[in-house]
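Results of the structural survey
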Amino acid sequence: MVVYPNEEEATSGSDRFCDFVDKTLALLSNSHMKKLSLCHVPRPRHKDAYQRWFWAAMERGFLELHLHATHRYFGVNIKTSFLTSKTLVKLTLSGEFSLELDRVFFPALKSLSLVSVLGLDCPNYCRLLDGCSVLEDLFITDADHWYLPCCGVFVESPCIKRLVVFFVDFDLLVEARLSLRLWESTNNHDDDDSSYFYDDDDDDDDDDFSDEHEPIFGDVTNLVAGISNILTLHLSPESLEVFHFCCKSMPVFNNLLKLSIESNKEKGWQVMPLLIKSCPNLQTLVIKGLVHRVTNRCGDACACIPKKHSRKNNKKRKIVKEEELCCLWTCHVKVLEISEYKGSFQELKLMRHFLGKLKCLETVKVSVDEDKYKDNEFLRANLLALPRVSSKCNIQFI
């Protein structure tokens, strides 16, 4: 059922539209309607009617609900301690809606669209998102030219497969914190990259090394391009892999001054060489945890040496890498901040790599968990003994 009021009726103050919706919902009370789309101009004396229609849709088991309130007199306020529907699969809220919710439970909702919803603040937005346990598609547009959308703080959901966020002007952003995730495992995808390996054997053996991995789907190219003017960028371990596998072309971050990444021993640094090269004016590099998954594509941003791979028939393979100018040589980073440093051989080797390649480095801040790692003097001595290409480099322990 789709109902749209006549514009002349809305401006004249007639009650015919409200009467029509009430009568229609009453006549169809026993029918199995699947979808309701309602567009209207809220007016003060019809406040109860709008609430009545909304709750009728919730109670009758609609599969799809699309509501738009045109801004003119006042908005539509949905206030309840518990908002739930066991059947709702697709929900769209647009325009002058505001939500005041204590708890939300939409166990079947897979698609949520918030289109320029002016009255949805961050706490209620978070409660709405938390109540959608199987949500797959999230579409959000900016609420106003002067205000960020309700997701301005963050978008966090373990089940989202498709996220669309639209701003009037991405140039207004100065900082972005991304926590993107892939559904597919990437543990073996780099092992078969032909640009890093060649084979001594005949082509007849190609079938022994066929790529049996599932393809990785997703495209964040437009998202990355949209935030290319920001000053500060924070990336989770999963976001680093998403940038590598799902970004077709890396933009130049001319304005980026601070890059902050978080590492995980299960996630690789494949995108780091390209990312660093794409930040020509980077001043501060922050790394939370140096230990990451060693891959054949960490490149010159890392000192890791991947293990050589062998065929099923144990035939030898050679790793082929072209000698290229290290991305760190041309990097203008002045401040390097390392947290959760544990002093392992891999970490020490990576610190040697950074200190020996970053020519403009002036300050290195290293954070060690003193309660967990008692031998801090040994860790500090090893770091202070490393050679530094920059004569201005000063190592601080915090």
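Residues numbered from 1 in each chain as written. Predicted model: local features only at pLDDT ≥ 70, side-chain atom pairs only at ≥ 80, totals over all residues. Heavy atoms only, no water.

1. Comments concerning helix 8 (residues 345-357)
Applicable threshold: Numbering of helices and strands starts at the N terminus; helices are DSSP runs of H or I of at least 4 residues and strands are runs of E of at least 2. Multiplying 1.5 Å by the helix residue count minus one yields the expected span of that helix. Here's how the labels work: a residue is buried when its accessible area is under 20% of the maximum for its type, exposed when over 50%, partly exposed in between, all with a 1.4 Å probe on protein chains only. Contacts are assigned to residue pairs with any non-hydrogen atoms lying within 4.5 Å of each other.
Between its first and last C-alpha atoms helix 8 spans 18 Å; for 13 residues at 1.5 Å apiece the expected length is 18 Å, and the two agree. Every buried residue of helix 8 is listed here: Glu347, Leu350, Met351, His353, Phe354 and Leu355. On the buried face of helix 8, the contacting elements are strand 16 (284-288), strand 18 (335-339), strand 19 (363-366), helix 9 (376-384) and strand 20 (394-397).

2. Here we look at a nonpolar patch on the surface
Note the following rule: Surface patches are drawn from residues lacking salt bridges whose relative accessible area is over 30%; two like charges belong together within 9 Å, two nonpolar side chains (Val, Leu, Ile, Met, Phe, Trp, Tyr) within 5 Å. To be clear on the numbers: accessible area is Shrake-Rupley with a 1.4 Å probe, and residue cover counts the displayed protein chains and nothing else. Just to be clear on terms, a salt bridge is a Lys or Arg side-chain nitrogen sitting within 4 Å of an Asp or Glu carboxyl oxygen.
A contiguous nonpolar surface patch, about 240 Å² in accessible area, is contributed by Val174, Leu231 and Leu257. For leucine 231, the location among the structural elements is in the loop between helix 5 (221-226) and strand 14 (232-235). Residue classification places leucine 231 among the partly exposed positions, given a relative accessible area of 35%.

3. Brief notes about the sheet that holds strand 20
Keep this limit in mind: Strands qualify as paired when DSSP identifies two bridges or more between them. The axes are straight lines fitted to the C-alpha atoms, using for helices just the contacting stretch, and the angles between their N-to-C directions are given from 0 to 180°.
Spatial ordering of the open sheet is given by 12-14-15-16-18-19-20, a layout of seven strands whose pairing is parallel. Each edge of the open sheet is held by one strand with a lone partner, namely strand 12 (175-178) and strand 20. Geometrically, the sheet is characterised by an average inter-axis angle of 10 degrees between neighbouring strands, direction not taken into account. Here strand 16 runs beside strand 18; their pairing, made up of five bridges, is parallel.

4. Side note on the confidence of the model for the chain
Using the following cut-off: Per-residue confidence from the predictor is given as pLDDT, running between 0 and 100.
Of the residues in the chain, 71% reach a pLDDT of 70 or more, and the chain-wide mean stands at 77. Contacts for the low-pLDDT stretch residues 191-211, under 50 throughout, to residues beyond four places or in other chains number 36 contacts. Contacts of residues 306-323 to residues separated by more than four positions or lying in other chains number 36 contacts, the stretch itself having pLDDT below 50.

5. Focus: unusual backbone geometry
With phi around 60 degrees, glutamate 340 is a residue other than glycine that occupies positive phi space. Structurally, glutamate 340 is set in the loop between strand 18 and helix 8. Given a relative accessible area of 41%, glutamate 340 falls into the partly exposed group.

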